[in-house]
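Summary of structural features
Chain by chain, the residues:
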Amino acid sequence: MKDISKKIEALTLELAGIRSVVGTRGENDVAERIYTKFKEMSYFRRHPHRLQYIPAAGDPLGRKSVLATVKGEGGNSNKTLVLIGHIDTVGTSDYGMLEEYATRPLELAEKLREVELPEDVLRDLESGDYLFGRGVFDMKCGVAILMTIVESIAQDVASFDGNLVFAAVCDEEGNSAGMLSVVPELLRLREQEGFEYIALLDTDYSAPRFEGDKTRYIYVGTVGKLMPSFYVVGSEAHGGDPFKGLDPNHLSSAIMLEIDFNTRYCDEAEGEVTVPPISIRQQDLKQEYSVQTAKASYLYFNYGTHSSGPDEVLAKVMAGAETAFRKVIDSLNAEYEKYCLANGFPHEKLPWQARVISYAQLYEAVKAEKGEEVDRVLAALEEKLLADDSIDERIYALRMVETLHSMWSDQRPVVVAYFSPPYYPHVYVRGESELEKKLLDAVREVIANTDVPYDIQLKKFYPYISDLSYATAPQDVDALDSLRNNMPGFGKKYYLPLEAMQELNLPVVNIGPFGKDAHKFTERVEKNYSFVVAPKLVYDTIMKLLR
Ligand SMILES: [Zn+2]
């Protein structure tokens with residue numbers, strides 16, 4: 001495995017040298033390099049049609065993924081393993097003055113010596129055991145591992161029994177447009193080639209889970225992600241007469257306090273617990289300055305799941321928002337009483353009522369009043385929003401909620417709960433089906449038989465969100481209905497091939513390089529584990545699964 005390690009390291013550097021920030025044309029630069037490298041391999045010179053681009057559906061940037069298929073000739077097994085790696089990275093502005101070196105790892109290591117670094121980073125830098133740079137860890141090293149393994153298997157295809165489908169996908173750090181377009185293609189390929197898919201293997205990064213954690217992790221599953229969102233309608237007032245109104249910022253702050261970092265909202269399965277919800281946005285929707293309080297505000301959260309479906313999460317956060325709403329009203333009443341007393345004014349209870357409804361409930365209420373007109377107005381709005389590429393999925397959803405709410409005769413304060421895109425279903429290998437058992441056995445065996453000075457552990461949930469989510473989808477009708485009916489723009493602006501995902505239905509595993517600080521300018525990959533050990537684990541797992 002020595003020469004493949006060198007090759008993986010060199011390829012990691014080569015791929016990292018191509019800037020491929022998510023949402024830019026640079027993603028295609030790296031896709032084209034990968035395509036070219038495969039094209040030059042003797043196997044793909046013999047079988048050029050087994051190499052193809054998969055365009056990201058409806059992508060204004062024209063981004064694409066690369067799909068390479070290797071069919072073993074050492075037997076007639078239909079067993080096929082799907083391998084995926086993402087080729088995009090997050091942005092590079094976090095490098096500040098060193099930004100131009102972010103994609104030049106060797107020079108970056110020199111430049112980093114000139115800046116102030118945290119102690120552990122400095123230690124790793126001076127040890128020489130790490131490679132620094134944007135994307136080296138997340139996840140060009142992983143892509144290099146898969147490409148190199150596919151190449152070495154393709155070189156000896158005469159003695160290889162089974163098949164590999166490798167997808168180098170774009171837009172993972174954004175909306176997973178790459179993987180979502182690859183899923184239907186995988187089904188088509190299965191049909192065309194008579195493949196029997198047995199698992200989906202990813203090589204995304206894996207990092208220490210706590211300070212000083214030395215364990216290396218393999219994951220047979222991945223965390224899910226939802227974005228519960230709240231459109232908060234208050235009642236405007238003059239700043240000099242605040243008790244006449246209900247401040248939507250006050251209300252959204254109460255929802256923030258209730259949900260943000262609250263471990264009560266963590267989701268659990270198999271003894272593994274998600275991180276608590278964390279806010280991604282909170283702002284009011286007032287355009288101009290004036291001494292008037294805002295009429296509406298909105299906020300949304302990143303919400304990890306291990307076992308709860310969209311319906312359960314929605315119910316939970318709606319209950320939380322209602323608690324928050326009541327607390328605000330109680331506090332307003334208490335403060336108003338004090339204020340009246342201090343001024344010698346007569347005091348009355350304020351008129352507010354805590355009301356939290358879902359987007360689907362709002363739609364029902366407005367539909368009952370306005371009938372077909374609602375659908376006409378929303379359809380016209382959707383057409384307008386879709387024509388404007390500058391409107392992203394989150395703003396699209398917000399505009400839909402705003403407009404729907406504006407058509408309602410009841411304009412009293414209310415919180416409308418809905419989902420903003422994207423949605424990543426959680427998946428994990430329970431060990432129930434034949435394929436799941438096979439995957440678990442294979443990975444356990446590989447770990448047990450690998451003689452390396454690392455503690456390698458098997459966990460259920462890859463914690464950093466990954467494209468593994470799209471290897472399958474929940475079969476639960478209520479859960480999916482709740483998602484469809486409460487995510488404005490679903491199927492129009494935000495495309496999720498739920499039926500294709502359900503049909504693919506593969507157990508998943510992530511065996512990634514080890515390193516630290518993904519998505520930070522101190523991003524780095526540990527060379528020995530990542531270039532020597534992880535590739536061996538990946539290779540052995542592939543061979544074990546196809547045997
Ligand atoms: Zn990644």
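Residues numbered from 1 in each chain as written. Predicted model: local features only at pLDDT ≥ 70, side-chain atom pairs only at ≥ 80, totals over all residues.

**So, the sheet that holds strand E4 (residues 130–132)**
Read across the sheet, three strands follow the order E4-E21-E20 without closing on themselves; strand pairing throughout is antiparallel. Pairing within the sheet leaves two strands with one partner each, and these edge strands are E4 and strand E20 (515–516). Two elements, E20 and strand E21 (residues 524–526), share two bridges in a ladder whose sense is antiparallel. Directly across from glycine 515, in E21, lies its bridge partner valine 525. Contacts from helix H6 (residues 136–155) reach E4, E20 and E21, with the element oriented near 50° to E21. (Pairing = 2+ DSSP bridges. Helix = DSSP H or I, 4+ residues; strand = E, 2+ residues; numbered from the N terminus. Contact = placed C-beta atoms within 7 Å. Axes fitted to C-alpha atoms, helices over the stretch in contact; angles between N-to-C directions.)

**Some thoughts on the environment of leucine 226**
Residue position: leucine 226 is located in strand E9 (residues 224–226). Excluding anything up to four places from it in sequence, leucine 226 contacts Tyr303, Thr305, Pro310, Val313, Phe419 and Tyr423.

**Details of the environment of alanine 10**
Topologically, alanine 10 is positioned in helix H1 (residues 2–16). Sequence spacing of alanine 10 and cysteine 141 is 131 residues, and the spatial spacing of their C-alpha atoms is 9.6 Å.

**Topic: the sheet that holds strand E19 (residues 508–511)**
The eight strands are arranged E1-E2-E5-E3-E6-E19-E7-E18 in an open sheet whose pairing can be described as mixed. Edge positions in the sheet fall to strand E1 (51–55) and strand E18 (456–459), since each has one partner strand and no second. Averaged over all pairs of adjacent strands, the angle between their axes in this sheet comes to 25°, without regard to strand direction. Judged from the five bridges that link them, E1 and strand E2 (residues 64–71) form a sheet pairing that is antiparallel. Across the sheet, proline 55 pairs through a bridge with lysine 64, a residue of E2. H6 contacts E2, strand E3 (79–86) and strand E5 (163–169) of the sheet and is inclined by roughly 145° relative to E3.

**A short note on the packing of H6 against helix H16 (residues 527–546)**
Here H6 crosses H16 at 50°, and the two axes come no closer than 10 Å. Of the possible angle classes, the one that applies to H6 and H16 is oblique. Handedness of the crossing formed by H6 with H16: right-handed. Side by side, H6 and H16 meet where Cys141, Ile145 and Ile149 of the first sit next to Ser530, Ala534, Pro535, Val538, Tyr539 and Ile542 of the second. (Parallel < 35°, antiparallel > 145°, perpendicular 65-115°, else oblique. Left-handed = near helix turned anticlockwise from the far one by under 90°.)

**Observations regarding the domain arrangement of the protein chain**
Considered domain by domain, the protein chain is made up of domain 1 (2–223 + 424–476 + 499–546) and domain 2 (225–419). Contact with domain 1, which involves twelve residues of that partner, is made by eleven residues of domain 2. Partitioned by chemical class, the residues of the side of domain 1 that touches domain 2 number seven nonpolar, two polar and three charged. (Domains from an automatic or database assignment. Nonpolar A, V, L, I, M, F, W, Y, C, P; charged D, E, K, R; others polar.)

**Focus on the packing of helix H11 (residues 372–386) against helix H12 (residues 393–406)**
Between H11 and H12, the shortest axis-to-axis distance is 11 Å and the interhelical angle comes to 155°. When the axes of H11 and H12 are compared, the pair comes out roughly antiparallel. The hand of the H11/H12 crossing is right-handed. On H12, the residues that touch Val377, Leu378, Leu381 and Leu385 of H11 are Tyr396, Arg399, Met400, Thr403 and Leu404.

**Here we look at unusual backbone geometry**
The omega torsion of the bond from aspartate 138 to methionine 139 falls at -10°, within 30 degrees of zero and hence cis. Tracing the sequence through the fold places methionine 139 in helix H6. In the segment running from proline 421 into proline 422, the intervening peptide bond is cis, with an omega of 5°. The phi dihedral of glutamate 270 is positive, around 50°, even though this residue is not glycine. Within the secondary structure, glutamate 270 is located in the loop between strand E11 (268–269) and strand E12 (272–273). Look at glutamate 270 and you get partly exposed, because 13 C-beta atoms sit within 10 Å. A positive phi is found at histidine 519, a non-glycine position, where the angle reads about 70°. By the element assignment, histidine 519 lies in the loop between E20 and E21. (Buried ≥ 20, exposed ≤ 12 C-beta atoms within 10 Å, placed from the backbone.)

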